[in-house]
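Summary of structural features
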Amino acid sequence: SKTDIAAKMRVFKRLEHDVTKDGVEVEQVHYCLFADCYLPEDALQSTENLNEQHYSEWSALGHLTLTPGASIDYATIEDRLREDLRRFKVHGIAYDPWNCEQLRQRLEAEGAPMVENIMGVRTMSDPMKSSDALIRSGLLNHDGNPALAWMMSNVVGVLDHKGNVYPRKEKPEKKID
């Protein structure tokens with residue numbers, strides 16, 4: 001990518017004891033998201049980039065990693081994935097096969113649990129519905145990364161004639177990468 005943000009997301013499940021409105025204690029699974037966001041450094045100098053101010057601020061705060069050059073440096077993301085594989089018990093690394101085949105092959109050869117996730121209505125509808133339910137119930141939280149919060153706020157769920165929900169953005173500058 002030349003102007004889009006690439007993200008590596010770590011998702012952890014945490015079992016918590018919650019109390020319902022009726023005072024009943026229940027066990028519920030909470031999901032915690034930790035985002036690492038990446039952007040090509042040259043995207044900050046682009047005259048077409050309407051988000052440059054956000055990106056510069058997030059980079060200065062450590063919420064957005066700038067990679068050298070005009071395209072995403074996938075080696076940086078790959079190295080950080082390897083670090084995660086050393087630090088955590090990773091159940092799966094979801095990837096979109098579009099422009100990701102070499103990365104998949106290298107990590108899979110090292111034993112990484114790679115899970116193909118094609119970006120389409122068929123694969124996105126259920127996760128969109130589940131995410132909406134988790135957010136509404138307070139069971140989905142994130143690490144406070146402003147880039148992630150901004151992109152999540154830009155997501156518009158579009159319902160098709162079959163009841164599927166697909167993520168869209170209202171304007172090109174409203175990134176949901």
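How each quantity is defined
Residues numbered from 1 in each chain as written. Predicted model: local features only at pLDDT ≥ 70, side-chain atom pairs only at ≥ 80, totals over all residues. Heavy atoms only, no water. Axes fitted to C-alpha atoms, helices over the stretch in contact; angles between N-to-C directions. Helix = DSSP H or I, 4+ residues; strand = E, 2+ residues; numbered from the N terminus. Parallel < 35°, antiparallel > 145°, perpendicular 65-115°, else oblique. Left-handed = near helix turned anticlockwise from the far one by under 90°. Contact = heavy atoms within 4.5 Å. Nonpolar A, V, L, I, M, F, W, Y, C, P; charged D, E, K, R; others polar. Pairing = 2+ DSSP bridges. Buried < 20%, exposed > 50% of the residue type's maximum accessible area, 1.4 Å probe, protein only. Arc of directions from axis to C-beta. Phe/Tyr/Trp six-rings, centres within 6.5 Å; stacked < 30°, edge-to-face > 60°. Core = buried A, V, L, I, M, F, W, Y, C linked by side-chain atoms within 4.5 Å.

Moving on: the packing of helix α2 (residues 74-87) against helix α3 (residues 101-109). The interhelical angle for the contact between α2 and α3, taken along N-to-C directions, is 25°, at an axis separation of 11 Å. With respect to each other, α2 and α3 are oriented roughly parallel. When the axes of α2 and α3 are compared, the crossing they make is right-handed. Contacts between α2 and α3 involve Glu78, Leu81 and Arg82 from the former and Leu103, Arg106 and Leu107 from the latter. Taken together, the residues of the contact of α2 with α3 sort by class into three nonpolar, no polar and three charged.

Turning our eyes to something else, we now look at the pairing of strand β7 (residues 156-159). By the bridge criterion, four bridges tie β7 to strand β8 (residues 165-168) in an arrangement that is antiparallel. Within β8, the position partnered with Leu159 by the bridge is Val165. Where β7 folds back onto β8 in an antiparallel hairpin, the turn is made up of five residues, including Gly163, whose phi is positive at roughly 85°.

A separate point is α3. Of all the residues in α3, the buried ones are Leu103, Arg104 and Leu107. The buried residues of α3 occupy an angular sector of 100° when the element is viewed end-on, so they sit on one face. Facing away from the buried side of α3 by over 90 degrees, the exposed positions are Gln102 and Ala109. Residues of α3 that are buried make contact with α2, β4 (93-95) and β5 (114-116).

Quick look at the packing of aromatic side chains now. Scanning the entire structure with this criterion turns up five aromatic pairs. Ring geometry for Phe12 and Phe34: centres 5.6 Å apart, planes at 80°, overall edge-to-face. Of this pair, Phe12 sits in strand β1 (residues 6-19) while Phe34 is found in strand β2 (residues 25-40), placing the two residues 22 residues apart along the sequence. By relative accessible area, Phe12 is classed as partly exposed at 29%.

This part takes up the side chain of Arg104. The topology assignment puts Arg104 in helix α3. Residue Arg104 is classed as buried on the basis of its relative accessible area of 14%. Here Arg104 is in contact with Tyr95 and Met114, once residues within four sequence places are set aside.

Formed by 17 residues in total, the largest nonpolar core has its most connected members in Ile5, Cys37, Leu39, Tyr55, Trp58, Leu64 and Met151. Among the secondary structure elements, those contributing two or more residues to this core are β2, α1 (52-60) and α5 (146-154). For Trp58, the residues in contact, after removing those within four places along its chain, are His63, Leu64, Pro146, Ala147 and Trp150. Within the second largest apolar cluster, 12 residues are counted, among which are Ile72, Ile77, Leu107 and Ala112.

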